Amino acid sequence: QVQLVESGGGLVQPGGSLRLSCAASGSSISIYAMGWYRQAPGKQRELVAVITSGGITNYADSVKGRFTISRDNAKNTVYLQMNSLKPEDTADYYCNAHFWPNAYWGQGSQVTVSA
C-alpha cells in the first residue's frame, strides 16, 4: 500500500508559478511510475505528466515546455513545477503511483489560476 499526499496548490495569477509536491508513505516509490493528473470542473480527469521509475518523462501537449515533473526517491516525493500558468490550468491536481496491477491516488490539491 502506498499513501500519497499532495501539497502546494493554491491561487496564482496568470503567468505565475506553483510547485506541487506528492509525499508518499507506506512503501518506497522507487519502482513506481509516478504521474500527475488533473480534473477541471465538469471535465474528465486527464494525464498531465508522468515519470517512470527510470526517470523518463512524458507530458500532455497542453503543458509541454511549461511544466516539469521530477522525483526524489530518497525523499519518497514527486514534484510538479508549473510555470507560465494559464486560467485553463485551473483544476484539482492528483498524484498517482502505478506499478501493475496496483495504482494509488492522492486526495488532490486545488490549483486556481485567476487574476
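Below: a short report on this structure. In this text the structure is predicted, and so the values were computed from the model without any measurement.

This part is about the packing of aromatic side chains. Taken as a whole and judged by the stated rule, the model has three aromatic pairs. Ring geometry for Tyr32 and Tyr104: centres 6.2 Å apart, planes at 65°, overall edge-to-face. With a gap of 72 residues between them, Tyr32 in the loop between strand 3 (18-25) and strand 4 (33-39) and Tyr104 in strand 10 (residues 102-105) connect regions that are remote in the sequence. Across this residue pair, the class does not change: Tyr32 and Tyr104 are buried. The interplanar angle of 65° and the centroid separation of 4.9 Å between the aromatic rings of Tyr37 and Trp105 together place this pair among those described as edge-to-face. One end of the pair, Tyr37, is in strand 4; the other, Trp105, is in strand 10, and 68 residues separate them in sequence. For Tyr37, a relative accessible area of 23% corresponds to the partly exposed category. Members of the aromatic cluster, connected to one another through ring pairs, are Tyr32, Phe99 and Tyr104.

What follows covers the environment of Leu80. Note that Leu80 resides in strand 8 (residues 77-82). When the C-alpha positions of Leu80 and Phe99 are compared, they lie 20 Å apart, and in sequence the two are 19 residues distant. Those residues within four positions of Leu80 in sequence are excluded, and the remaining contacts are Leu18, Arg19, Leu20, Trp36, Val48, Ala49, Phe67, Thr68, Ile69 and Tyr93.

For the rest of this paragraph, the subject is the side chain of Ser109. Residue position: Ser109 is located in strand 11 (residues 109-113). A relative accessible area of 8% means that Ser109 is categorised as buried. A polar contact is formed between the side chain of Ser109 and the backbone nitrogen of Gly9, at a distance of 3.1 Å.

Ordered by their spatial adjacency, four strands build an open sheet running 1-3-8-7, and the pairing between neighbours is antiparallel. In the strand order of this sheet, the two ends are held by strand 1 (3-7) and strand 7 (67-72), each with one partner. Taking each pair of neighbouring strands and ignoring which way they run, the sheet shows an average axis angle of 15°. The pairing of strand 7 with strand 8 spans six bridges and is classified as antiparallel. The residue bridging Thr68 from the neighbouring strand is Gln81, located in strand 8.

On to the state of the cysteines, then. Here the structure, examined in full by the defined rule, presents one disulfide. The partner cysteine of Cys22 in its disulfide is Cys95, sulfur to sulfur 2.1 Å. What sets the handedness of the Cys22 and Cys95 disulfide is the S-S torsion sign, and at about -80° it is left-handed. Here Cys22 is found in strand 3, whereas its partner Cys95 is found in strand 9 (residues 91-99), with 73 residues between them in sequence. A residue is classified by how much of its surface remains accessible, and Cys95, at 0% relative accessible area, is buried.

The rules behind these values
Residues numbered from 1 in each chain as written. Predicted model: local features only at pLDDT ≥ 70, side-chain atom pairs only at ≥ 80, totals over all residues. Heavy atoms only, no water. Phe/Tyr/Trp six-rings, centres within 6.5 Å; stacked < 30°, edge-to-face > 60°. Helix = DSSP H or I, 4+ residues; strand = E, 2+ residues; numbered from the N terminus. Buried < 20%, exposed > 50% of the residue type's maximum accessible area, 1.4 Å probe, protein only. Contact = heavy atoms within 4.5 Å. Polar contact = N/O pair within 3.5 Å; in protein donor to acceptor, adjacent residues only side chain to side chain. Pairing = 2+ DSSP bridges. Axes fitted to C-alpha atoms, helices over the stretch in contact; angles between N-to-C directions. Disulfide = S-S within 2.5 Å.

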